[in-house]
Amino acid sequence: MKTRAALKTEIKQLFKGRWKDAILLCIVVSLLSIFSVAANYTDQAKSGGTSLTSHSTDIQQGASQAWSTMTTISWGLIATVLGVLAVGAIINFVFYCVFKLFMVGTMYSMLDWVRHPSREIHPVSDSTVGFTRPYAWPTVGLVVLQAIFLTLWSLLLIVPGIIKAFAYSQTYFVYKDLVAATPAGQPRPKLTLAITKSRQLMRGHKMEYFVLQLSFIGWALLCGMTMGIGLLWLVPYRYGTFANYYQNLVALDQADQAAASMAA
């Protein structure tokens, strides 16, 4: 496996003279990330103006009101509250899936760019690949399936859940390659196969991938100081590096399989 420095250097060379294409390819994901950073700053600014005493008073008053309300609350009100919470959860899930589809489209196009450095970038069609028929519903299915698996692992302890999150980190890239390798007219690859293949690829590489992610923390802090504007450059840099990392994982796996077949 190539070093972190080598992976990042290759992406810098790939983007050299084409940073505009890289930024436009990731523009939707970048803007959504900037919006998230700005929202966090706004929340912190609002909460920073309240004192500890006022928080304590609010908590005491809230507890008193809650206690008095519990004696008169009706089942109808409980049903209404649960309904509102359910609707809110559904809306959040839908928005997350839409964001994930943009992320997947950007990831897939970035991987194609890594594999074919001279390819032209079409920001709109490339970033919306995730919404196309081969990937849209399977991506939603992978979101749900991974959430279930990670939740079940996290019930044991937090650490197993984190480890499995890294093991499943290449699932979407793997699914792209599985779809590409499936002959026309054949059934779509199983979602569990993508998760299994990701787990196999990441065997012995989880800590390596974790450190690769940590290497972007300094840049993320700088982006925070610019109210998220720096994410316009950081997001393509990260997506390119992670696509390059997956490509190297695949090449390493193919080399291992070739060596094993020759030894046999």
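See above for the structure.
Residues numbered from 1 in each chain as written. Predicted model: local features only at pLDDT ≥ 70, side-chain atom pairs only at ≥ 80, totals over all residues. Heavy atoms only, no water.

J.: How would you explain the overall build of the chain if you had to name every residue and give the values?
T.: Looking only at helices and strands, one finds 13 helices and 0 strands in the chain. Counting helices and strands in the order they occur from the N terminus, the chain gives α-α-α-α-α-α-α-α-α-α-α-α-α. For the chain, the residues scored as buried account for 33% of the 264 residues in total. A fraction of 80% describes how many contacts in the chain between residues 6 or more apart in sequence connect residues 24 or more apart. (Helix = DSSP H or I, 4+ residues; strand = E, 2+ residues; numbered from the N terminus. Buried < 20%, exposed > 50% of the residue type's maximum accessible area, 1.4 Å probe, protein only. Contact = heavy atoms within 4.5 Å.)

J.: Which residues make up the pattern of salt bridges, and what are the values?
T.: In total, this model carries 6 salt bridges according to the counting rule given. For E10, the salt bridge identified is with K2, shortest N-O distance 2.4 Å. Of the residues examined, K2 reaches a relative accessible area of 38% and is grouped as partly exposed. With a closest N to O distance of 2.9 Å, D177 and R115 form a salt bridge. Here D177 is found in helix α9 (residues 171-181), whereas its partner R115 is found in helix α5 (residues 75-115), with 62 residues between them in sequence. (Salt bridge = Lys/Arg side-chain N within 4 Å of Asp/Glu carboxyl O.)

J.: So what's going on with the side chain of S127? Which residues, and what values?
T.: Residue placement: S127 occurs in helix α6 (residues 123-127). Side-chain polar atoms of S127 contact the backbone oxygen of P123, separated by 2.7 Å. Engagement of the side chain of S127 in a polar contact is seen with the backbone oxygen of V124, the distance being 3.3 Å. In contact with S127, not counting residues within four places along its chain, are L25, L101, F102, G105, T106, S109 and H122. (Polar contact = N/O pair within 3.5 Å; in protein donor to acceptor, adjacent residues only side chain to side chain.)

J.: I'd love a proper account of the nonpolar core, names of residues and values included.
T.: The tendency in soluble globular proteins is for nonpolar side chains to be buried as a group. One finds Y108, M110 and W113 to be the most contacted residues of the largest nonpolar core, which totals 54 residues. Here the element with the most residues in this core is helix α13 (residues 231-263); it accounts for 12 residues. Setting aside anything within four residues of it in sequence, one finds W113 in contact with L14, F15, R18, D21, A22, L25, R119 and I121. (Core = buried A, V, L, I, M, F, W, Y, C linked by side-chain atoms within 4.5 Å.)

J.: Please set out the side chain of K164 residue by residue, giving values where relevant.
T.: By the element assignment, K164 lies in helix α8 (residues 158-167). For K164, which is buried and forms no salt bridge, the nearest opposite charge comes from D253, at a distance of 16 Å. (Lys, Arg positive; Asp, Glu negative; His and termini not counted.)

J.: So what's going on with the packing of helix α7 (residues 136-156) against helix α10 (residues 191-201)? Which residues, and what values?
T.: In contact at an axis separation of 10 Å, α7 and α10 are set at 60° when each is read in the N-to-C sense. In terms of orientation, α7 and α10 fall into the oblique class. The chirality of how α7 crosses α10 is right-handed. Together, P138, G141, L142, L145, Q146 and F149 of α7 and L191, T192 and I195 of α10 make up the contact between the two elements. (Axes fitted to C-alpha atoms, helices over the stretch in contact; angles between N-to-C directions. Parallel < 35°, antiparallel > 145°, perpendicular 65-115°, else oblique. Left-handed = near helix turned anticlockwise from the far one by under 90°.)

J.: Just give me the short version of α9, but keep the residues and values in it.
T.: Burial analysis of α9 places 9 of its 11 residues in the buried class, which makes it a mostly covered element. The complete set of buried residues in α9 reads T171, Y172, F173, V174, Y175, K176, D177, L178 and V179.

J.: Residue-level account of the packing of aromatic side chains, with values.
T.: Remark: the centre distance and the inter-plane angle together describe each pair of aromatic rings, the angle taken between the planes. Here the structure, examined in full by the defined rule, presents 12 aromatic pairs. Ring centres 5.0 Å apart and planes at 20° place the aromatic pair F173 and Y246 in the stacked group. Here F173, found in helix α9, pairs with Y246, found in helix α13; they are 73 residues apart in sequence, far enough to count as distant. Classification of F173 by relative accessible area gives buried; the value is 4%. On the basis of an interplanar angle of 80° and a centroid distance of 5.5 Å, the ring pair of F216 and Y237 is categorised as edge-to-face. Placement of F216 in the loop between α11 (206-214) and α12 (217-225) and of Y237 in helix α13 is noted, with a sequence separation of 21 residues between them. You'll find F216 and Y237 in the same group, each marked buried. An aromatic cluster of at least three residues, connected via ring pairs, comprises F166, Y209, F210, F216, Y237, F242 and Y245. Over the ring of F216 we find K8, and its NZ or CZ is 4.3 Å from the ring centre. Sitting over the ring of F216, R238 keeps its end group 5.7 Å from the ring centre. (Phe/Tyr/Trp six-rings, centres within 6.5 Å; stacked < 30°, edge-to-face > 60°. Lys NZ or Arg CZ within 6 Å of the ring centre and 35° of its normal.)

J.: Just give me the short version of the packing of α11 against α13, but keep the residues and values in it.
T.: Two elements in contact, α11 and α13, have axes separated by 11 Å at closest approach and are oriented at 165°. Considering the angle they form, α11 stands roughly antiparallel to α13. When the axes of α11 and α13 are compared, the crossing they make is right-handed. For the pair formed by α11 and α13, the contact residues are E208, Y209, L212 and Q213 on the first element and T241, F242 and Y245 on the second. By residue class, the composition of the contact of α11 with α13 is 4 nonpolar, 2 polar and 1 charged. (Nonpolar A, V, L, I, M, F, W, Y, C, P; charged D, E, K, R; others polar.)

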